[in-house]
Amino acid sequence: MIRNFLDWLRTAPTEKRQKALILLGLGAIVLLAAVISTVVILKAQNPTTQVSHVAEPEASHSVEAHPKGPYSLSYEINQISMAVMNRKGTKTAYAQFSLVLDCPDEESHKTLSMNRAKLLDAIFVIGGGFYLEDFQGEKAQKSFEKFKKDLLQKYQTDFHAQAPREISLKDWFVN
């Protein structure tokens, strides 16, 4: 089919050839404009799609040894960014925070630091059950407690004896 068109184009009178080439050029310009418009619209709709999970520096954890009590040995994951949608699904915001895990011993700390990806995955799985409205207004305190409780249960299921004893959220904000 294309071969037939090219044969016709070579043998067609000059006037018809020029019209055909002008129409092909206009078609290519319209196609290019449509592609560019689509890309611009998609970028405008969701400007932060590059990294929706984690954007953190290389040194993403810290060990803090305190004498006795909770958080005597903690593992911290800094600058977590978790996507949270509203109930209608029309708006996506990003909850940014640091997660501090209270490790029962050195072995637990080592296990958690080696399984950082699994810890992050659990955050996004558990966080997927919450909506933006859950972290706003009067519901916020209950939602934070439920989020931490569900996350701790998930870690206890995944890590058993090496699971953290407590979880705290630090520097939480939504944008």
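Look up a bit, the structure's there.
Summary of the structure given here.

The rules we used
Residues numbered from 1 in each chain as written. Predicted model: local features only at pLDDT ≥ 70, side-chain atom pairs only at ≥ 80, totals over all residues. Heavy atoms only, no water. Buried < 20%, exposed > 50% of the residue type's maximum accessible area, 1.4 Å probe, protein only. Helix = DSSP H or I, 4+ residues; strand = E, 2+ residues; numbered from the N terminus. Pairing = 2+ DSSP bridges. Core = buried A, V, L, I, M, F, W, Y, C linked by side-chain atoms within 4.5 Å. Contact = heavy atoms within 4.5 Å. Polar contact = N/O pair within 3.5 Å; in protein donor to acceptor, adjacent residues only side chain to side chain. Patch = residues over 30% accessible without salt bridge, like charges linked within 9 Å, V, L, I, M, F, W, Y side chains within 5 Å. Areas by Shrake-Rupley, 256 points an atom, 1.4 Å probe, with all protein chains shown as cover. Salt bridge = Lys/Arg side-chain N within 4 Å of Asp/Glu carboxyl O. Expected span 1.5 Å × (residues − 1). Axes fitted to C-alpha atoms, helices over the stretch in contact; angles between N-to-C directions. Parallel < 35°, antiparallel > 145°, perpendicular 65-115°, else oblique. Left-handed = near helix turned anticlockwise from the far one by under 90°. Nonpolar A, V, L, I, M, F, W, Y, C, P; charged D, E, K, R; others polar.

Among the 13 residues in strand β2 (residues 73-85), ten count as buried, and that is most of the element. Here β2 runs beside strand β3 (residues 92-102); their pairing, made up of ten bridges, is antiparallel. Paired with S81 across the bridge in β3 is Q96. Count of turn residues in the β2/β3 antiparallel hairpin: six residues, of which G89 carries a positive phi of about 80°.

Membership of the largest hydrophobic core comes to 31 residues, with the highest contact counts inside it found for L99, I123, L151 and Y155. Among the secondary structure elements, those contributing two or more residues to this core are β2, β3, α4 (116-127) and α5 (140-159). Ranked by the residues each element gives to this core, the list is headed by α5, at seven residues. Here L99 is in contact with Y75, E76, I77, I80, I123, L151, Y155, I167, S168 and L169, once residues within four sequence places are set aside.

Before going further, it helps to spend a moment on the side chain of E76. Turning to its location among the elements, E76 is positioned in strand β2. The buried category is assigned to E76, whose relative accessible area is 4%. Engagement of the side chain of E76 in a polar contact is seen with the side chain of K170, the distance being 2.7 Å.

Let's shift gears to the side chain of D134. Of note, D134 is situated in the loop between α4 and α5. Of the polar contacts made by the side chain of D134, one reaches the side chain of R87; its length is 2.8 Å. Not counting chain neighbours up to four residues away, the residues in contact with D134 comprise R87, K139, A140 and S143.

All right, on to a nonpolar patch on the surface then. A cluster of nonpolar residues, I2, F5, L6, W8, L21 and L24, forms a patch on the protein surface that exposes about 580 Å² of accessible area. Only α1 (2-11) and α2 (14-45) provide two or more residues apiece to the nonpolar patch. If you tally residues by element for the nonpolar patch, the top one is α1, at four residues. Along the chain, W8 falls in helix α1. Look at W8 and you get partly exposed, because its relative accessible area is 37%.

Here we take up α5. The first and last C-alpha atoms of α5 sit 28 Å apart over 20 residues, in line with the 28 Å expected at 1.5 Å per residue. Looking only at α5, the buried set comprises A140, S143, F144, F147, D150, L151, L152, Y155 and F159. Close packing links the buried residues of α5 with β2, β3, α3 (106-114), α4 and β4 (166-174). Immediately downstream of α5, the backbone of H160 shows phi near 50°, a positive value.

Another aspect to go through is the environment of S74. On the secondary structure map, S74 appears in strand β2. Along the primary structure S74 and S108 are separated by 34 residues, whereas in three dimensions their C-alpha atoms are 9.8 Å apart.

It is the contact of α4 with α5, at a shortest axis distance of 10 Å, that shows an interaxial angle of 135°. When the axes of α4 and α5 are compared, the pair comes out oblique. Between α4 and α5 lies a crossing whose hand is right-handed. Contacts from K118, L119, A122, I123, I126 and G127 of α4 reach α5 at F147, D150, L151, K154, Y155, D158 and F159. Of the residues belonging to the contact of α4 with α5, the class tally is eight nonpolar, one polar and four charged.

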